[in-house]
Amino acid sequence: MLFTIKSKKKVAYISKAVYTLLAMNMEGKKEILGLHLSENEGASYLLSVLTDFNNRGVEDILIACVDGLTGFPEAIASIFPQTEVQLCVIHQIRNSMKYVASKHQKAFMADLKPVYRAVTKEAAEIALL
């Protein structure tokens, strides 16, 4: 995310990492746990955020859906060791697209959509055929 600072002489752009931490509670309701601003993206900063969550009373995380940041799964495991960590669907798709020729990407995405939107594992397997 970029922030713009205006002055009389010139405009400066400052790059900051903004983390939006969203959770789904046991009743299936989404809750924003926090918005965190950091100088850069890093697992050590996220470890401090997780420690803060623990101090605020978060007892456990069932599933953590992460973006592939190096060290983040280990940071989660150190505070919430029972958490299942998985790469989010968007990042899985982006990683997969690296291996598909550009002329085939549109068709690949059309074929993949019913798989990742499937409600059950069985429905995903059928869509994959």
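Note that the coordinates shown come from a computational prediction; the quantities given were computed from them, not determined experimentally.

Quick notes on the rules
- Residues numbered from 1 in each chain as written.
- Predicted model: local features only at pLDDT ≥ 70, side-chain atom pairs only at ≥ 80, totals over all residues.
- Heavy atoms only, no water.
- Helix = DSSP H or I, 4+ residues; strand = E, 2+ residues; numbered from the N terminus.
- Rg over C-alpha atoms; globule rule 2.2 N^0.38 Å.
- Buried < 20%, exposed > 50% of the residue type's maximum accessible area, 1.4 Å probe, protein only.
- Areas by Shrake-Rupley, 256 points an atom, 1.4 Å probe, with all protein chains shown as cover.
- Lys, Arg positive; Asp, Glu negative; His and termini not counted.
- Charge placed at Lys NZ, Arg CZ, Asp CG, Glu CD.
- Contact = heavy atoms within 4.5 Å.
- Salt bridge = Lys/Arg side-chain N within 4 Å of Asp/Glu carboxyl O.

### Here we look at the overall build of the chain
(1) Moving on: From N to C terminus, the chain includes five helices and six strands.
(2) Moving on: Starting at the N terminus, the α and β elements of the chain follow one another as β-β-β-β-α-β-α-β-α-α-α.
(3) Moving on: Taken over C-alpha atoms, the radius of gyration comes to 19 Å for the chain, far larger than the 14 Å a tight globule of 129 residues would show.
(4) Moving on: Judged by the C-alpha coordinates and their principal axes, the chain covers about 55 × 45 × 25 Å.
(5) Moving on: A total of 129 residues make up the chain; the buried ones form 22% of that total.
(6) Moving on: As presented, the chain carries roughly 10,100 Å² of accessible surface, and 57% of it is formed by carbon and sulfur atoms.
(7) Moving on: Within the chain, the 13 negative side-chain charges are centred at a point lying 18 Å from the centre of the 15 positive side-chain charges.

### Description of the side chain of Ser38
(1) Moving on: Within the secondary structure layout, Ser38 lies in strand E4 (residues 30-38).
(2) Moving on: Accessibility expressed as a relative area gives 8% for Ser38, which makes it buried.
(3) Moving on: If sequence neighbours within four positions are ignored, Ser38 has contacts with Lys16, Ala17, Tyr19 and Tyr45.

### Thoughts on the pattern of salt bridges
(1) Moving on: A complete count under the given rule lists two salt bridges for this structure.
(2) Moving on: For Glu39, the salt bridge identified is with Lys16, shortest N-O distance 2.7 Å. With a gap of 23 residues between them, Glu39 in the loop between E4 and helix H1 (43-55) and Lys16 in the loop between strand E2 (11-15) and strand E3 (17-24) connect regions that are remote in the sequence.
(3) Moving on: Owing to a relative accessible area of 58%, Glu39 belongs among the exposed residues under this scheme.

### A few points about the environment of Ala127
(1) Moving on: Along the chain, the position of Ala127 falls in helix H5 (residues 121-128).
(2) Moving on: Classification of Ala127 as partly exposed rests on a relative accessible area of 29%.
(3) Moving on: With 13 residues separating them along the chain, Ala127 and Pro114 place their C-alpha atoms 5.9 Å apart.
(4) Moving on: Those residues in contact with Ala127 that lie beyond four places of it in its chain are Pro114 and Val115.

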